[in-house]
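Chain residues, written in single-letter form:
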Amino acid sequence: MRTRSSALAFLVSTLLSAGLTARQAPLKVFISVDMEGLAGVVANSDVSPTGPDYEHFRAIMAAETNAAVEGALAAGATEVLVRDSHGSKTNLLPAHVHPAARLLRGQSVGPKNMMEGIDKSFGAVVFVGYHAKAGTPNAILEHTSTGNVVDFSINGVSLPEAGYNAMVAGVYDVPVVFVAGDRAVVDQVRGLLGPIEGVAVKEEIGDASNGMSPTEAQEKIRKTVETAVRNRSKFKPYKIPGPYTMVLKVKQERPLFPGAQRAREGEFTFASPDLLEVLKAFNAMK
Ligand SMILES: [Zn+2]
């Protein structure tokens, strides 16, 4: 028989452990950071290690990354993984990244590439510094992957990097909740994924960039990532039903990936029920 005081003690301990569980509920946020969509970036030299202003924009990359990390933490993230997603993937210097985040830097051999490190344990994906796909009008430094790609589609859907990266997250049932970059990429990603949160830090005017100050961009990224991660249950993982057929159009042809077909000059197809296999073919021939 339970006495009154032991019943009370039981109630208190149940409430305490429930409160503890709520506070400690793990929430992992994955942040993929590119450079072309950072505040102020307009020229290739801004994002190339040999460019005169690369160090300046590298610092802005770290600051926008940290703004997103702070937003995620404010929304209750218990772990944050930052994936350096530009070029050699060694742009973010470890000491410049928020101490609460882990940093995944350097090239990886697998098909996940800009999404290396993503798995089912994550609750939300955030894109920072992203750019629109090759051929997008009114976009700043638009391209797809290497710059050799004219168009990349899966099952008839033409995809920017944000699109196929969202599909990789979708393999693990993780929704993309936020994108920062120019106006063109924010609109393009919303067209594919639906009304996710976003910050357009700049817009193109005749190949030039009209944009907000880096400080203003960071403030908006911090606040909007917080909102996006808090509301993550509103956003659905991005999934296209398989099997998958890609059509890859390139300027310069690369050697044929095993199982791929050359449809015509500069155009290749590859089909598989496994999305990551399709991305392997894409990475080999892009
Ligand atoms: Zn890039």
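To keep things clear, this report deals only with the structure shown in the data block. All residue numbers here refer to positions counted from 1 along the written sequence of the relevant chain. With pLDDT at 70 or above as the cut-off, local features in this predicted model cover only qualifying residues; side-chain atom pairs require 80 or more to be listed or tallied, and sums for whole chains, interfaces and linings still use all residues. To get the side-chain values, all heavy atoms of the structure are used, and hydrogens and water are removed first.

1. Some words on the overall build of the protein chain
- For the purposes of this entry, the term helix denotes a DSSP run of H or I that reaches at least four residues, the term strand denotes a run of E that reaches at least two, and both are numbered from the N terminus. The helix and strand tally for the protein chain stands at six helices and 12 strands.
- Along the longest, intermediate and shortest principal axes, the C-alpha atoms of the protein chain span 85 × 45 × 30 Å.
- Three labels apply to residues, based on accessible area from a 1.4 Å probe with only protein chains included: buried if under 20% of the type maximum, exposed if over 50%, partly exposed otherwise in between. Burial analysis of the protein chain (286 residues in total) assigns 50% to the buried set.
- A contact between two residues is defined here by any heavy atoms of the two lying within 4.5 Å. A fraction of 66% describes how many contacts in the protein chain between residues 6 or more apart in sequence connect residues 24 or more apart.

2. Considerations on the environment of Asn-283
- You can see Asn-283 is positioned in helix α6 (residues 275-285).
- In this structure the C-alpha to C-alpha distance between Asn-283 and Lys-112, which are 171 residues apart in sequence, comes to 9.6 Å.
- Each residue touching Asn-283, except ones within four places of it in the same chain, is listed here: Gly-110, Pro-111 and Asn-113.

3. Here's the deal with the sheet that holds strand β8 (residues 197-205)
- Taken together, the seven strands give an open sheet; going across it, the order is β3-β2-β1-β4-β7-β8-β9, and neighbouring strands pair in mixed fashion. Of all the strands in the sheet, the pair left with one neighbour each is β3 (101-104) and β9 (208-211). Here the average twist between neighbouring strands, direction ignored, is 20°.
- Two strands pair if DSSP finds at least two bridges between them. Summarising the sheet, strand β2 (residues 79-84) and β3 pair through four bridges and their orientation is parallel. Bridge pairing links Leu-81 to Arg-102 in β3.
- Angular values range over 0 to 180 degrees, each being the angle between N-to-C directions of two axes fitted as lines to C-alpha atoms, with helices fitted over their stretch in contact. Relative to the sheet, helix α3 (residues 161-171) contacts β4 (122-130) and β7 (176-182), its axis offset from that of β4 by approximately 165°.
- Along the sheet, helix α5 (residues 214-230) makes contact with β1 (28-33), β4, β7 and β8, crossing β8 at roughly 145°.

4. Describing the sheet that holds strand β6 (residues 157-158)
- Across the sheet, which stays open at both edges, the five strands sit in the order β6-β5-β10-β12-β11 with antiparallel pairing between neighbours. Among the strands making up the open sheet, the edge pair consists of β6 and β11 (261-264).
- Strand contacts of α6: β5 (149-154), β10 (244-250) and β12 (267-272), with the helix running at about 10° to β10, the strand carrying the most contacts.

5. Some points on the pairing of β2
- Taken across its six residues, β2 has five buried, putting it largely inside the fold.
- As paired elements, β1 and β2 share six bridges and run parallel to each other. Across the sheet, residue Lys-28 finds its bridge partner in β2, namely Glu-79.
- The handedness of the β1 to β2 crossover, carried by helix α2 (residues 54-74), is right-handed. Handedness is read with the strands pointing away from the viewer; a crossover is right-handed when the path from the first strand over the helix to the second is clockwise.

6. Notes on the packing of aromatic side chains
- To pair, rings of Phe, Tyr and Trp, with the six-membered ring standing in for Trp, must have centres within 6.5 Å; the planes then decide the type, stacked if under 30 degrees apart, edge-to-face if over 60, and tilted in the middle. Summed over the entire model, instances satisfying the criterion amount to six aromatic pairs.
- Note on Tyr-164 and Phe-282: the rings are 5.1 Å apart at their centroids and 65° apart in plane angle, and the pair reads as edge-to-face. Of the two residues, Tyr-164 sits in helix α3 while Phe-282 sits in helix α6, which places them 118 residues apart along the sequence. Both residues of the pair, Tyr-164 and Phe-282, count as buried.
- Ring plane angle 80° and centroid distance 5.5 Å describe the contact between Phe-257 and Phe-270, whose orientation is recorded as edge-to-face. One end of the pair, Phe-257, is in the loop between β10 and β11; the other, Phe-270, is in strand β12, with 13 residues separating them in the sequence. In this pair, the class of Phe-257 matches that of Phe-270, namely buried.
- Among the aromatic residues, ring-to-ring pairing joins Phe-152, Tyr-164 and Phe-282 into one connected group.
- In this analysis the charged atom, NZ for Lys or CZ for Arg, is taken to sit over a ring once it is within 6 Å of the ring centre and within 35 degrees of the ring normal. Just above the ring of Phe-122 sits the side chain of Lys-28; from NZ or CZ to the centre is 4.6 Å.

7. Quick notes on the pairing of β4
- Among the nine residues of β4, eight are classified as buried, and the element is accordingly described as predominantly covered.
- Here β1 runs beside β4; their pairing, made up of six bridges, is parallel. If you follow Lys-28 over to β4, its bridge partner there is Phe-122.
- The sheet contact formed by β4 and β7 spans four bridges and is parallel. The partner of Val-126 across the bridge, within β7, is Phe-178.

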